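If you want the building blocks of each chain, they are given just below.
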Amino acid sequence: MKRTLLLLLIMVTTGIYAQQPEANYDEARVPKYTLPELLTCEDGTTVTTVRQWERRRRPELMRIMADGEYGRTPKAKVKVRYEVVAENRQALNGKATQQQVLFTFSGQGREVKALALVYIPNHLSGPQQKQRSRVPVFIGYNFPGNHAITDDPAVRFSPFFERLNIDDALLQRARGMSRWPLSMIIERGYAVVTMCYNDIFPDNADGARQSVLTLFPENTDGDARWQALGAWAWGSSRIADWVCRQRWADAHKLAIIGHSRQGKAALWAGAQDTRFEVVISNESGCGGAALSKREFGERVGRITSSFPHWFCPAFTRYSGREQELPFDQHQLLALVAPRHLYVASAEGDQWSDPRGEYLAAYYASPVYALYGLRGLPSPSMPAIHQPIHNDIAYHIRAGRHDVTDYDWLQYMDYCDSVFGYGRHAGH
Ligand code: GCU
């Protein structure tokens, strides 16, 4: 029984069962579509200034995306207690200080526990040393649990797995290390704070009952009620709250990174929480960076039936009816402006519609232009391994749906440039 549960969990987490062949992968079969206007308000006013964008159109779009796709994030605050439950000042061969920080969220007489795994560089070298007394930070969820992204036996199982009470052998310590090249990141002078996303909202149709949603007063938002993606985005902001209070962290240099379903959540977190200076979507696909109206790869009907617990119920109305959507994902991406946005795709990940991801970033560019910033220059995609690092950044790499060292190297080069470090400065 436990084995079946775990297998199911792995399948859901890796998307194995979701990928079925009926999706369209033929560019010639993409319908003619019209994207909803980015810079025209609901009352018809054309937005030509930053002030109009910030005062009118941006709040309008925030509401539209919340009510139609991700759900409304409750305004109520829940209590959070932080406790450093383990520390190792000589982690990664002395290169980093590792902390394990237990977050206890409480509300409505209940508690939810989540464990952050933190790596802080011990030494900075070269130009970094002069410029930094505090370090920039990558914040991002992991899928398989903290214990799976390192081979360090001192790293505890994420609370979600402890609740499942599965024996250690099944939990496969270190099986997800390749997506978190910790030494490489630390050597570049970045801290990393990660947490298993299941701690915040267990990723299954019944997950709400064990999630942070239970800490809030009864939800009366109906079809606009938040679910997993909203909760994951909210959780990233709680991680940022903690990071911003740390002496070692540069609160002005936070990057949020998310892969796939976590890329969707990272974009929604980045839209809402302006502390994220760089927002990175790694192959976030449908409901993330990809334009829904292209109907290419994964579609609304498919995602909302495979994962009914991710989006607010209103989004399911557009199953098979993408052309009726009153919004599309370029509008979500534009909500990150004037901060930095990085959208990345993989050639072998057509399920996520790389072209749709690129085009959404391209069509978000007019908002960057309002600020005098550089979005993407043309509707034609760059070649493989030819990143564009403007105020909106994009790359497509060879290979399958994954997070690779290549991806991380681009993200770090980009962040170096945005934060004004060393050889990549001059952005
Ligand atoms: C499935 C799902 C995608 C999601 C992916 C993932 O493939 O259909 O929408 O992005 O899983 O999170 O890996």
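I will try to describe carefully the structure that is included in this document. (Residues numbered from 1 in each chain as written. Predicted model: local features only at pLDDT ≥ 70, side-chain atom pairs only at ≥ 80, totals over all residues. Heavy atoms only, no water.)

## Examining the pairing of strand 8 (residues 340-346)
One face of the sheet, then the other: side chains in a regular strand alternate in exactly this way. Judged by how many residues are buried, strand 8 sits mostly within the fold: 7 of 7 residues are covered. Burial of the side chains of strand 8 extends over both faces: His340, Tyr342, Ala344 and Ala346 are buried on one face and Leu341, Val343 and Ser345 on the other. Here 5 bridges tie strand 7 (residues 276-282) to strand 8, and the two strands are oriented parallel to one another. Looking at strand 8, one finds that Ser281 is bridged to Val343. Note that strand 8 and strand 10 (residues 392-397) share 6 bridges and pair parallel. Each residue of the ladder has a partner; that of Ser345, found in strand 10, is Ile396. (Buried < 20%, exposed > 50% of the residue type's maximum accessible area, 1.4 Å probe, protein only. Helix = DSSP H or I, 4+ residues; strand = E, 2+ residues; numbered from the N terminus. Pairing = 2+ DSSP bridges.)

## Brief notes about unusual backbone geometry
In this structure, the amide linkage connecting Ala337 to the following residue, Pro338, adopts the cis form with an omega of 5 degrees. Note that Pro338 resides in the loop between helix 12 (329-334) and strand 8. In this model, Leu92 sits at a positive phi of 50 degrees, which is unusual for a non-glycine residue. Within the secondary structure, Leu92 sits in helix 3 (residues 91-94). Its identity is not glycine, yet Asp353 carries a phi of approximately 55 degrees, on the positive side. Inspection of the secondary structure puts Asp353 in the loop between strand 8 and helix 13 (354-370). The exposure class of Asp353 is buried, given its relative accessible area of 1%.

## Digging into the nonpolar core
Ranked by size, the top nonpolar core spans 97 residues in total, and within it Trp232 and Trp248 carry the most contacts. The leading source of residues in this core is helix 9 (residues 228-244), at 10 residues. Ignoring sequence-local partners within four residues, the contact set of Trp248 consists of Val118, Ile120, Arg134, Val135, Val137, Ala191, Val193 and Trp242. Membership of the second largest hydrophobic core comes to 29 residues, among which are Val155, Ile186, Val192 and Trp408. (Core = buried A, V, L, I, M, F, W, Y, C linked by side-chain atoms within 4.5 Å. Contact = heavy atoms within 4.5 Å.)

## Describing the state of the cysteines
Think of a disulfide as a covalent bridge from one cysteine sulfur atom to another cysteine sulfur atom. Applying the stated criterion across every chain, the model contains 0 disulfides. Left without a disulfide partner, Cys286 is nearest to the cysteine sulfur of Cys312, which lies 14 Å away. Using a relative accessible area of 6% as the deciding quantity, one classes Cys286 as buried. (Disulfide = S-S within 2.5 Å.)

## What to know about the pattern of salt bridges
Overall, the coordinates contain 28 salt bridges when judged by the stated rule. Between Arg81 and Glu111 there is a salt bridge; the shortest N-O distance is 3.9 Å. Of this pair, Arg81 sits in strand 1 (residues 79-90) while Glu111 is found in strand 3 (residues 110-121), placing the two residues 30 residues apart along the sequence. Judged by relative accessible area, Glu111 falls into the partly exposed class, the value being 44%. Salt-bridge contacts for Asp250 lead to Lys253; the nearest nitrogen and oxygen are separated by 3.0 Å. Each member of the pair, Asp250 as well as Lys253, carries the same accessibility label: buried. (Salt bridge = Lys/Arg side-chain N within 4 Å of Asp/Glu carboxyl O.)

## Concerning helix 2 (residues 50-70)
Relative to the 30 Å expected for 21 residues at 1.5 Å per residue, helix 2 spans just 25 Å between its end C-alpha atoms, considerably shorter than the ideal helical length. Where helix 2 is buried, its residues contact helix 9, helix 10 (261-272), helix 12 and helix 13. Gly71 lies just past helix 2 and shows a positive phi near 90 degrees. (Expected span 1.5 Å × (residues − 1).)

## As for the packing of helix 9 against helix 10
As a packed pair, helix 9 and helix 10 sit with axes 8 Å apart at the nearest point and diverge in direction by 60 degrees. When the axes of helix 9 and helix 10 are compared, the pair comes out oblique. By crossing handedness, the relation of helix 9 to helix 10 is classed as right-handed. Residue-level inspection shows Leu229, Gly230, Trp232, Ala233 and Ser236 of helix 9 in contact with helix 10, the latter providing Arg261, Gln262, Lys264, Ala265, Trp268, Ala269 and Gln272. (Axes fitted to C-alpha atoms, helices over the stretch in contact; angles between N-to-C directions. Parallel < 35°, antiparallel > 145°, perpendicular 65-115°, else oblique. Left-handed = near helix turned anticlockwise from the far one by under 90°.)

## Considerations on the packing of helix 2 against helix 10
Look at helix 2 against helix 10: their axes get within 11 Å of each other, and the N-to-C directions meet at 150 degrees. With respect to helix 10, the element helix 2 is oriented roughly antiparallel. Considering the relative orientation of helix 2 and helix 10, their crossing is left-handed. Packed against helix 2, whose contacting residues are Arg58, Met62, Met65, Ala66 and Tyr70, the element helix 10 presents Trp268, Ala271 and Gln272 at the interface. Partitioned by chemical class, the residues of the contact of helix 2 with helix 10 number 6 nonpolar, 1 polar and 1 charged. (Nonpolar A, V, L, I, M, F, W, Y, C, P; charged D, E, K, R; others polar.)

## Examining the side chain of Ser365
Note that Ser365 resides in helix 13. Within the structure, Ser365 has its side chain in polar contact with the backbone oxygen of Tyr362 (distance 2.8 Å). The residues contacting Ser365, other than those within four sequence positions of it, are Gly375, Leu376 and Ile392. (Polar contact = N/O pair within 3.5 Å; in protein donor to acceptor, adjacent residues only side chain to side chain.)

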